Amino acid sequence: MTVEETQVAVAVAAEVVAVEEPVKECEKAVVEGLVEESESKPTTVEKSTSYKEESNYLSDLKEFEKKALVELKSKLEEAILGNNIFKKDEPKKVEEKEKAVAEVEEKKEEKTEAAVKKTEETEAAVKKTEETEAAVKTEETEPVVKSEETEPAVKAEETEAVVKTEEPEAVVKTECAEKTGEGEKAPELAEKKEEVAVPVCKEEAKPESSEVVDTDISIWGVPLFPGKGSEGTDVVLLKFLRAREFKVNEAFEMLKKTLQWRKESKIDSILDEEICSDLSSAAYLNGVDREGHPVCYNIFGVFDNEELYQKTFGNEEKRGQFLRWRVQLMEKSIQKLELRPGGATSLLQINDLKNSPGPIKKELRVATKQAVGLLQDNYPELVAKNIFINVPFWYYALNALLSPFLTQRTKSKFVVARPAKVTETLLKYIPAEEIPVQYGGFKRENDTEFFSSEDGSVSELTLKAGSTQTIEIDLAEVDNSTLVWDVSVLGWEVNYKEEFVPSDEGSYTIIVQKKKKIGANEGPIRNTFRSNEPGKVVLTIENTSSKKKRVLYRHKSNKCF
């Protein structure tokens, strides 16, 4: 999947749903006519078979997939043993080293030139003094003068020879040896230069001789070296292969780039960082779907707040922090996965576009594009489904223009739901007890009544148009027991009431909730009742609309101490 495909995937998903929904409605109408009687009876909500994660078992792979996996493992093992996974030296680092060496050499030359200049000045002063002394002694005797004139000349030549030996050129050394008559000094100087040069050569050769093979390279906590025998290695490699349609070379390059990016960006330690704490409500993990995939909710509406928007996208540095925060959330999500054959190896993403600023906000558009690029390049095949809910009108406007750029594989992972279809869509993938109450489910924060999915199973019944249905909940235990229940009608627009009917015919019926009209935007209802006598709680739902309704409910009895 290319960058362009992923960036426009959101818009194209609308087209898929727009085409499929009318067909599904027709199919449902046919089925309804055949099973009207059975639908009115309460049933347990069944799992949806609308999607399944691709198998990671070797026996389930096709022959060309097996071949590609074997080839990729071979290339990976060879690269790890040859220390060819990571780049050796970045060009910038090499340039910096060369520049530093050049600066050191330049400073040495400057010092040498200064020493030569100082020696020449000293030599000139000595020569002048010697000439003066020679002139004075000439008056005494001529032989002595000649002798005295020879000595300063020899001294001057010796001084000049010493100065020139400091220069690195071989020609200077030879000239020095000839003038001084001490040719033995040249070999000594050559030996000194070799002593300086040898350590440098050894230092440069050191990395090659002491290079150690790192077979502990891993990603998302899974060892990549095939020789380790980890069951998660095949799962990870198959993700890269599927992202590149089982083209081995492309998948291998993608993996190498991902590992290099993780090393340079220090992703392995990102979970220890404190990043963008203000964005905790913008994206979070909450529950699992019907197949056990962790569910991640992305709430774009929070950026409608101008203060938070500017704090997050106000400048390049802030946008960079936003991207790092988004990568951190992905790493947290991966910790919830089971990267092994048969495990839940991908996420379910819920993208809520309600009150989203939309494409008019340039900074959000740019940051989202960058985030999509990072995630698709470095986290392949880690999202099982991308569900977009509360989709606004502008989303559909982009759909017709962008759909030609997506592959069928990409389209198959996107689902779009209008505001009126949010709960119905989510129920196809997530059980009601795992859907947050704001989306029509029964999951509440810090719930003290229903602690787990096993604590009161959810049942469902279908309410035909223009009909009335009752749900009866027995309250047989009257000692220290309180009955609690949840009920939700998809799309509501019904009349609803609650009452307690005692088992004793001589007792009076107690109104728990008087009859009232419930609008379409109403959320799930929770209520409790405690009685001193046996009986039953009766929930009455009257559908006055021309459309059938789906009713979800659960209940349990809690003992009071």
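Now for a look at the structure at hand. (Residues numbered from 1 in each chain as written. Predicted model: local features only at pLDDT ≥ 70, side-chain atom pairs only at ≥ 80, totals over all residues. Heavy atoms only, no water.)

## Here's the deal with the overall build of the protein
And step 1. Looking only at helices and strands, one finds 16 helices and 16 strands in the protein.
And step 2. Every one of the 561 residues in the protein was classed for burial, and the buried ones make up 40%.
And step 3. For the protein, long-range pairs separated by at least 24 residues make up 78% of all intrachain contacts whose partners lie at least 6 apart in sequence.
And step 4. Of the roughly 32,700 Å² of accessible surface on the protein, a fraction of 51% belongs to carbon and sulfur atoms. (Helix = DSSP H or I, 4+ residues; strand = E, 2+ residues; numbered from the N terminus. Buried < 20%, exposed > 50% of the residue type's maximum accessible area, 1.4 Å probe, protein only. Contact = heavy atoms within 4.5 Å. Areas by Shrake-Rupley, 256 points an atom, 1.4 Å probe, with all protein chains shown as cover.)

## Looking at the pattern of salt bridges
And step 1. One pass over the structure, following the stated rule, counts 21 salt bridges.
And step 2. Across the pair glutamate 273 and arginine 324 runs a salt bridge, and its minimum N-O distance is 2.9 Å. Here arginine 324 lies in helix H12 (residues 316–334) and glutamate 273 lies in the loop between helix H10 (248–265) and strand S4 (283–288), a separation of 51 residues in the sequence.
And step 3. Between arginine 554 and aspartate 486 there is a salt bridge; the shortest N-O distance is 3.0 Å. Note that arginine 554 is positioned in strand S16 (residues 549–559) and aspartate 486 in strand S11 (residues 481–489), a separation of 68 residues in sequence. For the pair arginine 554 and aspartate 486, a shared accessibility class is recorded, and that class is buried.
And step 4. The network of salt bridges with common partners includes Arg444, Asp447, Asp486, Arg526 and Arg554. (Salt bridge = Lys/Arg side-chain N within 4 Å of Asp/Glu carboxyl O.)

## Points about the environment of asparagine 378
And step 1. Mapped onto the secondary structure, asparagine 378 falls in helix H13 (residues 362–378).
And step 2. Counting along the chain gives 121 residues from asparagine 378 to lysine 257, while the straight-line C-alpha distance between them is 8.1 Å.
And step 3. When near neighbours in sequence (up to four residues on either side) are disregarded, asparagine 378 contacts Trp220, Lys257, Thr258 and Trp261.
And step 4. A distance of 3.4 Å separates polar atoms of two side chains, one belonging to asparagine 378 and the other to threonine 258.
And step 5. Among the polar contacts made by the side chain of asparagine 378, one reaches the main-chain carbonyl oxygen of leucine 374 at a distance of 3.0 Å. (Polar contact = N/O pair within 3.5 Å; in protein donor to acceptor, adjacent residues only side chain to side chain.)

## Let's talk about H12
And step 1. Taking 1.5 Å as the rise per residue, H12 with 19 residues should run 27 Å; its terminal C-alpha atoms sit 27 Å apart, in good agreement.
And step 2. Measuring from the backbone nitrogen of glutamate 317 back to the side-chain oxygen at the start of H12 gives 3.1 Å, which picks out asparagine 315 as the cap. (Expected span 1.5 Å × (residues − 1).)

## Notes on H13
Since the α-helix packs 3.6 residues into each turn, any two residues three or four apart lie on the same face.
And step 1. Between its first and last C-alpha, H13 extends 24 Å over 17 residues, near the 24 Å set by a 1.5 Å rise per residue.
And step 2. Within the span of H13, buried status applies to Leu364, Ala367, Ala371, Val372, Gly373, Leu375, Gln376 and Asn378.

## Some details on the sheet that holds strand S13 (residues 510–518)
And step 1. If you trace the 4 strands from one edge of the open sheet to the other, you get S10-S15-S12-S13, paired in antiparallel fashion. Each end of this open sheet is capped by a strand with a single partner; those strands are strand S10 (468–475) and S13. Averaged over all neighbouring strand pairs, the angle between strand axes comes to 15°, with direction disregarded.
And step 2. Two elements, strand S12 (residues 494–502) and strand S15 (residues 535–542), share 8 bridges in a ladder whose sense is antiparallel. (Pairing = 2+ DSSP bridges. Axes fitted to C-alpha atoms, helices over the stretch in contact; angles between N-to-C directions.)

## Considerations on the sheet that holds strand S8 (residues 414–416)
And step 1. The mixed open sheet is built from 5 strands, whose spatial order is S4-S5-S6-S7-S8. The open sheet has two edge strands with one neighbour each: S4 and S8. Averaged over all pairs of adjacent strands, the angle between their axes in this sheet comes to 20°, without regard to strand direction.
And step 2. The strands touched by H12 are S4, strand S5 (294–299), strand S6 (347–352) and strand S7 (383–389); relative to S4, the strand with the most contacts, the crossing angle is about 15°.

Take it as geometry only, folks, not as evidence of what the structure does.
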